[in-house]
Amino acid sequence: MFALPLTDTAELRPLSPWHAQEFLANLDRCRDHISPWVGASFVATDLDSARHVLQRYADRWARDDGGIWGIWDAGLLVGGVMFVSLSVAEGVCEAGCWLEPAAEGRGLVTRAAGRIIDWAIRERGIHRVEWHTNPRNVRSIAVARRLGMSLDGTLRQRYPGPSGRVDVEIWSVLAPEWHAPA
């Protein structure tokens, strides 16, 4: 299996259904932290649902319309990045991420997202990479900016949330604008 270095201690690796126990442990450490920002179908609560989330992404990878990779730091799964969607025919994909609080502030998500975005643009011919985020998620917006993305607009009250409907900002970078972060 491949592993791409992100720092001296962190690496990016494929995240497969057989990692369900590690994935669930990671979600248990960051569940409250990421719940406001990710869909309920992602935040698995038991081993079967964790396996189901990872199998959904494995199936997407097999269909060539998505994928998921873990960020391991010193051997511990601390978060990851994914293509929520990927369409080579349309030349568009949506990237996303999650990270537990103990791993924040070290550039891991920016580096990991940069790796998969660079691959999508250079290897798969993707023209437009999107990043969807809640306008209150300042950390996610900061990643989008560090990746050189521009704010396209806000989809007002796009999704139902626990305390009312939620806006979603759409950020993007186009292939001619892309410069992989160092």
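In short, a report on the structure. (Residues numbered from 1 in each chain as written. Predicted model: local features only at pLDDT ≥ 70, side-chain atom pairs only at ≥ 80, totals over all residues. Heavy atoms only, no water.)

**A word on the packing of aromatic side chains**
Inspection of every chain in the model, using the stated rule, returns five aromatic pairs. Between Trp 61 and Trp 119, the ring centres sit 5.7 Å apart and the planes meet at 35°, which makes this aromatic pair tilted. With Trp 61 in helix 2 (residues 47-63) and Trp 119 in helix 3 (residues 108-122), this pair connects stretches of sequence that are 58 residues apart. Given the relative accessible area of 46%, Trp 61 is considered partly exposed. Residue class for Trp 119 comes out partly exposed when judged on its relative accessible area of 28%. Through pairs of rings, three or more aromatic residues link up here, namely Trp 61, Trp 69, Phe 83 and Trp 119. Above the face of the Trp 72 ring, Arg 13 is positioned so that its terminal group lies 4.2 Å from the ring centre. (Phe/Tyr/Trp six-rings, centres within 6.5 Å; stacked < 30°, edge-to-face > 60°. Helix = DSSP H or I, 4+ residues; strand = E, 2+ residues; numbered from the N terminus. Buried < 20%, exposed > 50% of the residue type's maximum accessible area, 1.4 Å probe, protein only. Lys NZ or Arg CZ within 6 Å of the ring centre and 35° of its normal.)

**Side note on the pairing of strand 5 (residues 92-99)**
Here strand 5 lies mainly inside the structure; six of its eight residues are buried. As paired elements, strand 4 (residues 76-87) and strand 5 share eight bridges and run antiparallel to each other. Bridging across to strand 5, Val 81 finds its partner in Cys 97. Counting the residues that bridge the hairpin from strand 4 to strand 5 gives four residues, and of these Gly 91 lies at a positive phi of roughly 75°. By the bridge criterion, four bridges tie strand 5 to strand 6 (residues 128-133) in an arrangement that is parallel. Looking across to strand 6, one finds that Val 92 is bridged to Arg 128. (Pairing = 2+ DSSP bridges.)

**Overview of the sheet that holds strand 6**
Spatially, 1-2-3-4-5-6-8-7 is the arrangement adopted by the eight strands of the open sheet, whose pairing is mixed. The open sheet terminates on both sides in strands that have one partner only, identified here as strand 1 (4-5) and strand 7 (150-161). Sheet topology note: the strand 2 (residues 10-14)/strand 3 (residues 67-73) ladder contains five bridges and is antiparallel. Paired with Ala 10 across the bridge in strand 3 is Asp 73. In the packing of helix 1 (residues 20-34) onto the sheet, the strands contacted are strand 3, strand 4 and strand 5, and the crossing angle to strand 5 comes to about 85°. (Contact = heavy atoms within 4.5 Å. Axes fitted to C-alpha atoms, helices over the stretch in contact; angles between N-to-C directions.)

**Overview of the pairing of strand 6**
A crossover connection joins strand 5 to the parallel strand 6 through helix 3; in handedness this β-α-β unit is right-handed. Both strand 6 and strand 8 (residues 164-174) contribute to a ladder of six bridges, which runs antiparallel. Bridged to Thr 133 within strand 8 is Glu 169. (Right-handed = clockwise from strand over helix to strand, strands pointing away.)

**A closer look at the environment of Glu 104**
Within the secondary structure layout, Glu 104 lies in the loop between strand 5 and helix 3. Considered as a pair, Glu 104 and Val 78 are 26 residues apart in the sequence and their alpha carbons are 9.4 Å apart. Discounting residues that sit within four places of it in the chain, Glu 104 has contacts with His 33, Leu 99 and Arg 139. Side chain to side chain, Glu 104 and His 33 meet in a polar contact 2.4 Å long. Polar contacts involving the side chain of Glu 104 include one to the side chain of Arg 139, which spans 3.4 Å. (Polar contact = N/O pair within 3.5 Å; in protein donor to acceptor, adjacent residues only side chain to side chain.)

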